[in-house]
Amino acid sequence: MPAFRNPGQRAGLTRDRVLAVARELLVEHGMDGLTMRALAERIGVSPNALYSHVESKTALVDDLLDEVLAEVDAPALDVGDPIAGVHALMTSTYKVLLAHADLIPAYLARQGARGPHAQHLGDVMLALLERAGVTGSRAQEALHVLIVYTIGSAAFATRAPLASGESSPPTSRDHAAHFDHGLRWILAGITLPADYARSA
């Protein structure tokens, strides 16, 4: 007896194909233009075939964004200086976002990414912060601040100039330097003693 195949398998679809075409639509038409119906039409299958690979548009976007985070270099948990490890992780994240600038609007819309790669990176950051003495709600807040800062910085670095009158708009090297300086300031504040941080 032949093995049962779901609609996606019968259509010859793969998850990689679904994600690749979803990215095309996302870049061309934004979040509103990426629908399951539009995706199915672009691929040439019925919408039902897509649900063999992804359960919803939200899950599709999350899978697409999370897959990119596999490129981020995460430091070892036993790195000598845990704060230097957090700095390295966020710097790598910033560079990966710049390499996928077409997806930055989606990261902004979803306020980050979800999925196994995002979870892994978050766990690494929390473990490093714990080694630096930042735990509990302070660590969760620090994680949020670092993610928002990194995505926002990448978005700013890839924005189109608002006016042609800028005599010397910042270069990519300028943006990278600004990101690095700001990240160091944030990490310095995060690692202040809890009592000092509360009284500031």
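About the cut-offs
Residues numbered from 1 in each chain as written. Predicted model: local features only at pLDDT ≥ 70, side-chain atom pairs only at ≥ 80, totals over all residues. Heavy atoms only, no water. Phe/Tyr/Trp six-rings, centres within 6.5 Å; stacked < 30°, edge-to-face > 60°. Helix = DSSP H or I, 4+ residues; strand = E, 2+ residues; numbered from the N terminus. Buried < 20%, exposed > 50% of the residue type's maximum accessible area, 1.4 Å probe, protein only. Contact = heavy atoms within 4.5 Å. Axes fitted to C-alpha atoms, helices over the stretch in contact; angles between N-to-C directions. Parallel < 35°, antiparallel > 145°, perpendicular 65-115°, else oblique. Nonpolar A, V, L, I, M, F, W, Y, C, P; charged D, E, K, R; others polar. 1 Å grid on protein atoms, 1.4 Å probe; cavity = no way out; pocket = protein on both sides within 12 Å on 5 of 7 lines; lining within 4 Å. Points joined across faces, edges and corners; volume = space filled by probe spheres on them. Core = buried A, V, L, I, M, F, W, Y, C linked by side-chain atoms within 4.5 Å. Salt bridge = Lys/Arg side-chain N within 4 Å of Asp/Glu carboxyl O. Expected span 1.5 Å × (residues − 1). pLDDT = per-residue confidence, 0-100.

Let's shift gears to the packing of aromatic side chains. Within this structure, the stated rule accounts for 2 aromatic pairs. Ring centres of Tyr149 and Phe179 lie 5.3 Å apart, and the angle between their planes is 10°; on these two criteria the pair is classed as stacked. You can see Tyr149 sitting in helix α9 (residues 136–157) and its partner Phe179 sitting in helix α10 (residues 172–190), a full 30 residues away along the chain. For Phe179, a relative accessible area of 3% puts it in the buried group. Through successive ring pairs, a cluster of aromatic residues spans Tyr94, Tyr149 and Phe179.

Considering the arrangement of structural elements, one finds His175 in helix α10. In this structure, His175 is in contact with Tyr94, Phe156, Ala157, Arg159 and Pro170, ignoring residues within four places of it in sequence.

Any two packed helices are characterised by how steeply their axes cross, that is the angle between the axes, and by the distance between the axes. For the pair α9 and α10, interaxial distance at closest approach is 11 Å and the crossing angle is 170°. Taken together, the axis directions place α9 and α10 in an arrangement best described as roughly antiparallel. In this structure, α9 uses Arg138, Ala142, Val145, Leu146, Tyr149, Thr150, Ser153, Phe156 and Ala157 to contact α10, whose residues at the interface are His175, His178, Phe179, Gly182, Leu183, Ile186, Leu187 and Ile190. Taken together, the residues of the contact of α9 with α10 break down into 11 nonpolar, 5 polar and 1 charged.

Time to look at the layout of surface pockets. Of the volumes computed, that of the largest pocket is approximately 600 Å³. For the largest pocket, the lining is made up of 27 residues, of which Gln111, Gly112, Ala113, Ala118 and Ile147 are closest to its centre. A total of 8 residues in the lining of the largest pocket trace back to one element, the largest contributor, which is α9.

Let's shift gears to the nonpolar core. Leu39, Ile43, Leu50, Leu60, Tyr107, Leu146 and Ile190 are the most contacted members of the largest nonpolar core, which totals 55 residues. If you tally residues by element for this core, the top one is α9, at 8 residues. Not counting chain neighbours up to four residues away, the residues in contact with Leu60 comprise Val18, Leu19, Ala22, Leu34, Met36, Leu39 and Val54.

Throughout the structure, instances matching the rule amount to 6 salt bridges. Between Arg15 and Glu67 there is a salt bridge whose closest N-O contact spans 3.4 Å. Here Arg15, found in helix α2 (residues 15–33), pairs with Glu67, found in helix α5 (residues 57–68); they are 52 residues apart in sequence, far enough to count as distant. Note on Arg15: relative accessible area 36%, which makes it partly exposed. Where Arg110 meets Asp62, a salt bridge forms, and the shortest distance between an N and an O atom there is 2.9 Å. Here Arg110 is found in helix α7 (residues 104–110), whereas its partner Asp62 is found in helix α5, with 48 residues between them in sequence. Across the pair, Asp62 and Arg110 agree in class, each one buried. Beyond isolated ion pairs, a larger network of salt bridges with shared partners links Glu24, Glu28 and Arg42.

Its place among the elements puts Leu25 in helix α2. Overall, Leu25 belongs to the buried group, its relative accessible area being 3%. Taking the C-alpha atoms as reference, Leu25 lies 8.1 Å from Ala38; in sequence the two are 13 residues apart. Setting aside its immediate chain neighbours within four residues, Leu25 contacts Gly30, Leu34, Ala38, Leu39 and Arg42.

With 12 residues, α5 extends 17 Å from end C-alpha to end C-alpha; this agrees with the ideal 16 Å at 1.5 Å per step. The set of residues buried in α5 consists of Ala59, Leu60, Val61, Asp62, Leu64, Leu65, Asp66 and Val68. The elements touched by buried residues of α5 are α2, α3 (36–43), α6 (82–99), α7 and α8 (116–131).

To continue, consider the confidence of the model for the protein. Across the protein, the average pLDDT comes to 87, with 86% of residues at 70 or higher. For the protein, per-element mean pLDDT is lowest for helix α1 (residues 7–10), which scores 48, and highest for α6, which scores 97. In this model, residues 1–6 is a region of pLDDT below 50 whose contacts with residues beyond four sequence positions or in other chains number 4 contacts.

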